[in-house]
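The lines below spell out each chain.
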There are 2 protein chains.
Amino acid sequence: MLSERVYQTLRAEIVHGDLWPNQPMIEAEIAERLKVSRTPVRESMQRLAADGLIVSRRRRWVVYEHTPEEIQEIYEVRAALEGQAARLAADRADEEDRAVLAGVLDADAKQRFLSGRARVEANEQFHDAVVRAAHNQRLTSELIRMRLYGFNTRVVNSYDADLLSRSWSEHEAIATAILEGRPDQAADLARRHVEHSMTIIFERS
Amino acid sequence: MLSERVYQTLRAEIVHGDLWPNQPMIEAEIAERLKVSRTPVRESMQRLAADGLIVSRRRRWVVYEHTPEEIQEIYEVRAALEGQAARLAADRADEEDRAVLAGVLDADAKQRFLSGRARVEANEQFHDAVVRAAHNQRLTSELIRMRLYGFNTRVVNSYDADLLSRSWSEHEAIATAILEGRPDQAADLARRHVEHSMTIIFERS
DNA sequence: TCCCACCACTGAGCATGCAATATTGCATGC
DNA sequence: GCATGCAATATTGCATGCTCAGTGGTGGGA
């Protein structure tokens, strides 16, 4: 379906940062650029608006700029979900999940993360490994929705060496709690990990 | 906007149970019934599909029927969010929140709930009071999304006197933890409360 | 009688036209 | 020089027509 393709394209452009907050999104312009009619573009707009990525202001679509308060709120929701993911992972991780989790935390990955070369990717891989071990598809998709904002990438990219190191230790602690089957502790650590990264955003700005 | 009105109408019809799972939703039919053209109906379909309420099967829209596994997944997500709401409420509830929370748990409300007369409403009022005290708009809207499924209402309606009583006690315990400012305990109790109601669905079916 | 092929029909995907409305720029007056 | 009102323009909201895919029904042959 064209409308699906348009939606994916626009969403990627917003999250990746090609389209900036407050930038107007003009139906006809996008339609021409993507070589489709306005109809699939309109349908994509509805979905992007439901995702909270764009908003209609005075009969115009613009990329939405989240206020600091809203970013904090999103992080609080995400903290709850990452906590639940870690909890369920500690209960349910099978052999394959454990292998994946151990894999994303090996010495090689640590080097890449701490050096900053692939910090965003390594970070995502860890959180993906946890959520995957939770065996809950809905939780997975909700967490993807929460990570679907432009500001997430910026956060991890703003870490200095000290914070990268601290963040990695937290990952290790969460993984250990999961692998050793301590759901309450895993949930607590994961929640605090997200809360911690949240406070960093606001200290910096 | 017509498309907004159509969306609200259809969503309400699905959640309320006027439209049944697997029932086909025909664009032209709905357009005629609601006296609008097919365009706003199409746009509503996109949003309903994003909500997971309808699904396109072989080029036709039908009301989606969640599998038991998916219902369990949704409850696990909701457990995490209600837990977080209770945690934040324990940290942040102001005088007005406390009054509301006490109000929905007074002797009169208890009577109405236990007698079964207004069980669904009283249940929603309690959870609303908690989420309101959490002072997090995003968490509120995510929780509303989670309660937006037809099966939720059916759950509370299937409670017998014993379960109603047990459920009320859990509400009281959560409220106490919030009012006395014990976030960890409030979160734990709220999460277990949702998990508990979840297990009931599956024991019954 | 049963099975298969073909055809008509239903309904969604997309394009486009038209109307309504908000915005912008310009002219005019104070 | 600045404010105000009007006209032109930009852009969305909605309606409708066309096309194509999937479905079901019907007729003919084994």
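Look up a bit, the structure's there.
What you see is a predicted model, and the numbers here were worked out from it, not measured in a lab.

Quick look at the interface of chain B and chain A now. With 28 residues of chain B in contact, the opposing surface of chain A contributes 28 residues. When chain B packs against chain A, the two sides together hide about 2500 Å² of surface, and 44% of this comes from carbon and sulfur. The closest approach of N and O atoms between B:Glu76 and A:Arg92, which form a salt bridge, is 2.5 Å. Those elements that place two or more of their residues in the side of chain B that touches chain A are helix H3 (38-50), helix H4 (68-92), helix H8 (137-146) and helix H11 (183-204) of chain B. A per-element tally of the side of chain B that touches chain A places H4(B) first, with twelve residues. A per-class count over the side of chain B that touches chain A returns nine nonpolar, seven polar and twelve charged.

According to the stated counting rule, one finds 40 salt bridges over all chains in the structure shown. The residue B:Glu43 makes a salt bridge to A:Arg42 at a minimum N-O spacing of 2.7 Å. With B:Glu43 in helix H3 and A:Arg42 in helix H3 (residues 38-50), the pair connects residues from two separate chains. The closest approach of N and O atoms between B:Arg47 and B:Glu4, which form a salt bridge, is 2.8 Å. You can see B:Arg47 sitting in helix H3 and its partner B:Glu4 sitting in helix H1 (residues 2-16), a full 43 residues away along the chain. A cluster of three or more residues bridged by salt bridges with shared partners is formed by A:Arg138, A:Glu142, A:Arg145, B:Arg138, B:Glu142 and B:Arg145.

Scoring rules and cut-offs
Residues numbered from 1 in each chain as written. Chains lettered and ligands numbered in written order. Predicted model: local features only at pLDDT ≥ 70, side-chain atom pairs only at ≥ 80, totals over all residues. Heavy atoms only, no water. Contact = heavy atoms within 4.5 Å. Buried area = accessible area lost by both parts, 1.4 Å probe. Salt bridge = Lys/Arg side-chain N within 4 Å of Asp/Glu carboxyl O. Helix = DSSP H or I, 4+ residues; strand = E, 2+ residues; numbered from the N terminus. Nonpolar A, V, L, I, M, F, W, Y, C, P; charged D, E, K, R; others polar.

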